[in-house]
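Topology and contacts: notes
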Amino acid sequence: MHDLTQDRPTTVSAAAPDPDPDEVLRVCADLIAAPSENPGGDEEAAAAVVERYLGSSGFHIRRVYARPGRPNVLATLDRGPGPRLILQAHLDTKPAGPPAAWSGDPFTARVTDGLMYGLGACDTKGGLAAMLVAADRLARRSDWQGQLEVQGVADEEDGSALGAEFLLAEGLLIADAAVVSEPTGALPSPAQLGNAWAEVTIRTPGAHAGTPWKGIDAVEVARRYVAVLERLLREMPTDPAFPHHPRLNVGHLMAPGHPGTLSSSCMLRCDIRVLPHQRHATVMDLYDRAAREVADPPAGVSLHVGPYQGGGCESHAIAVDHPLLLAFDAAAQALGVPSGRCSFAGGSDARYFARAGTPAVVHGPGDLDRAHAPDEFVPISELRLAARQIELVAADFLQSPGRYPPGRQI
Ligand SMILES: [Zn+2]
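Residues numbered from 1 in each chain as written. Predicted model: local features only at pLDDT ≥ 70, side-chain atom pairs only at ≥ 80, totals over all residues. Heavy atoms only, no water.

Digging into the domain arrangement of the protein
Splitting the protein by domain gives domain 1 (23-192 + 316-397) and domain 2 (194-313). Placing a centre on the C-alpha atoms of domain 1 and another on those of domain 2 gives a separation of 37 Å. Contacts between the two partners involve seven residues from domain 1 and, on the opposite side, five residues from domain 2. Summed over both sides, the interface of domain 1 with domain 2 buries roughly 460 Å², with 68% coming from carbon and sulfur. Taken as a group, Gln192, Ser343 and Arg351 account for 61% of the area that domain 1 buries against domain 2, more than any other trio of residues on that side. Contributing elements (two or more residues each) for the side of domain 1 that touches domain 2: strand S8 (191-192) and strand S15 (316-317). Class assignment of the residues belonging to the side of domain 1 that touches domain 2 gives a composition of three nonpolar, three polar and one charged. (Domains from an automatic or database assignment. Contact = heavy atoms within 4.5 Å. Buried area = accessible area lost by both parts, 1.4 Å probe. Helix = DSSP H or I, 4+ residues; strand = E, 2+ residues; numbered from the N terminus. Nonpolar A, V, L, I, M, F, W, Y, C, P; charged D, E, K, R; others polar.)

Here's the deal with the coordination of the zinc ion
All of the protein donors around the zinc ion are His90 (NE2), Asp123 (OD), Glu182 (OE) and Glu182 (OE); their distances to the metal are 1.8 to 2.7 Å. Taken in chain order, the donor set of the zinc ion reads H-x32-D-x58-E. Placement of the pair is histidine 90 in strand S3 (residues 84-90) and glutamate 182 in the loop between strand S7 (177-180) and S8, with a sequence separation of 92 residues. Judged by its relative accessible area of 3%, glutamate 182 falls in the buried class. (Donors = N, O, S within 2.8 Å, 3.2 Å for Na, K, Ca; no water. Buried < 20%, exposed > 50% of the residue type's maximum accessible area, 1.4 Å probe, protein only.)

A closer look at the packing of aromatic side chains
Tallied over the entire structure, the rule returns two aromatic pairs. Taking NZ or CZ as reference, arginine 79 lies 4.1 Å from the ring centre of tryptophan 144, over its face. (Phe/Tyr/Trp six-rings, centres within 6.5 Å; stacked < 30°, edge-to-face > 60°. Lys NZ or Arg CZ within 6 Å of the ring centre and 35° of its normal.)

Focus on the nonpolar core
Across soluble globular proteins, nonpolar side chains show a tendency to be buried alongside one another. Membership of the largest hydrophobic core comes to 60 residues, with the highest contact counts inside it found for Leu54, Leu85, Leu132, Leu148 and Leu324. One finds Val228, Leu268, Val274 and Leu286 within the second-largest nonpolar core, a separate group that totals 30 residues. (Core = buried A, V, L, I, M, F, W, Y, C linked by side-chain atoms within 4.5 Å.)

So, the state of the cysteines
As used in these notes, a disulfide is a covalent bond between sulfur atoms, one from each of two cysteines. For the structure shown, the criterion picks out zero disulfides. We note that cysteine 270 lacks a disulfide partner, and the nearest cysteine sulfur, in cysteine 266, lies 9.7 Å from it. You can see cysteine 313 has no disulfide; the closest cysteine sulfur is in cysteine 270, sitting 16 Å from it. For cysteine 313, a relative accessible area of 18% puts it in the buried group. (Disulfide = S-S within 2.5 Å.)

A few points about the packing of helix H2 (residues 44-55) against helix H3 (residues 121-140)
Here H2 crosses H3 at 20°, and the two axes come no closer than 10 Å. What the angle tells us is that H2 and H3 run roughly parallel. By crossing handedness, the relation of H2 to H3 is classed as right-handed. Taken together, the residues of H3 that come into contact with H2 (itself represented by Val50, Tyr53 and Leu54) are Leu128, Leu132, Val133, Ala135 and Asp136. Class assignment for the residues of the contact of H2 with H3 results in seven nonpolar, no polar and one charged. (Axes fitted to C-alpha atoms, helices over the stretch in contact; angles between N-to-C directions. Parallel < 35°, antiparallel > 145°, perpendicular 65-115°, else oblique. Left-handed = near helix turned anticlockwise from the far one by under 90°.)

Comments concerning the environment of serine 264
Looking at the secondary structure, you find serine 264 in the loop between strand S12 (261-262) and strand S13 (265-274). The exposure class of serine 264 is partly exposed, given its relative accessible area of 36%. Serine 264 sits 61 residues away from arginine 203 along the chain, and the two C-alpha atoms are 5.6 Å apart. In this structure, serine 264 is in contact with Ile202, Arg203, Thr204, Gly206 and Ala218, ignoring residues within four places of it in sequence.

Looking at the layout of surface pockets
Size it by volume and the largest pocket reaches roughly 690 Å³. Around the largest pocket, the lining is made up of 31 residues, and of these Asn195, Trp197, Gly347, Ser348 and Arg351 lie nearest the centre. If you list the elements that add at least two residues to the lining of the largest pocket, you get strand S9 (194-203), strand S14 (302-313) and helix H8 (350-356). For the lining of the largest pocket, the domains that each give at least three residues are domain 1 (23-192 + 316-397) and domain 2 (194-313). (1 Å grid on protein atoms, 1.4 Å probe; cavity = no way out; pocket = protein on both sides within 12 Å on 5 of 7 lines; lining within 4 Å. Points joined across faces, edges and corners; volume = space filled by probe spheres on them.)

Thoughts on the sheet that holds strand S6 (residues 146-153)
Judged by pairing direction, the sheet is mixed, and its six strands sit side by side in the order S1-S2-S6-S3-S7-S16 without closing on themselves. Strand pairing shows two members of the sheet lacking a second neighbour, strand S1 (60-65) and strand S16 (360-362), which therefore form its edges. Neighbouring strand axes in the sheet, compared pairwise and without regard to direction, differ in orientation by 20° on average. Two strands pair when backbone bridges link them, and S3 and S7 are joined in this way by four bridges, in the parallel orientation. Its bridge partner lying in S7, leucine 87 is registered against valine 179. Against the sheet, H2 makes contact with S1, strand S2 (71-79) and S6, and its axis sits at roughly 165° relative to S1, the strand it touches most. Of the strands in this sheet, S3 and S7 touch helix H9 (residues 380-397), which is tilted by about 155° from S3. (Pairing = 2+ DSSP bridges.)

Shown next as structure tokens:
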């Protein structure tokens, strides 16, 4: 077993002062001014900001497309043998929505009371700005080796098929580690939930509501199905980092028919979040087990379970002693801020790194509650902090001489 703590410094020196604390604000404002609403637009303007900024810092820049107008911009700085680290943030934002819901133009950054407002400020142009500034400073440092790649990706807000999922298929997510930007309050999130989505269709012999003994109510079967599924879930392991999970969420229930008729069909669309250390297939299997328990073929009760919208995705977790996570602790110490962890509850492109076998941490400035909402903002203090953190974390990780064992996920 590779000793993950070898070659690591035993003391952490204080970080040098930030040479230009406003640079990350300017870059964030440039990104906010480059509309990239999704659905509804493209990411070309935002990709151009990345290209302009890192192109002058010696990065090799290329764009890869799954579809015209939907660029993924990859900026690479190769310093020979050593670890490969990817810093990834999505270029797109949710649509701004009605202009009247905003206090100002969503595409013009405004600074008030220590907050920067604008569409994408926290999700995730603030995080991308922090990565860009960090990458520019890393280009000026000589104390690291290996390969640093910044990826600005398309389409995260509408399924990632043209972004991270496409890069996965192209083999472009393979690295020793990755940081995926999402608003986490500038704390690293070592694990994220997956989700298991199923569509369950129940069929029964219906009947007139006046003679219910002549049929079987499909909605009543759905209730029994939910009860069995919840019993099975209570037998599953829990994780204190993700309270209230695992739980069943029936987000859609449909029983077309008439009040005067016992329903003969009922359809449920269900979500169960997949905890770290759990397999997606294990959770999907619960839907089938509950269906087998409730089905009654001689009585004409059948249940069909299928994946909904592809069935969801795996959870993701990085080893607690992975050097990238330890580098976040060292950076916090050097910057004089408390070290800690958070549990990012939203979806992220980290799930595609999981499939590539690349350990990833989700991290970025801002609060998830401010994402996808009018008057989106990011605290300036977190924006500055995130840029410093990413610089120190990457420099630390890229100073290690050996490559790490691939796929050190748990
Ligand atoms: Zn996001």
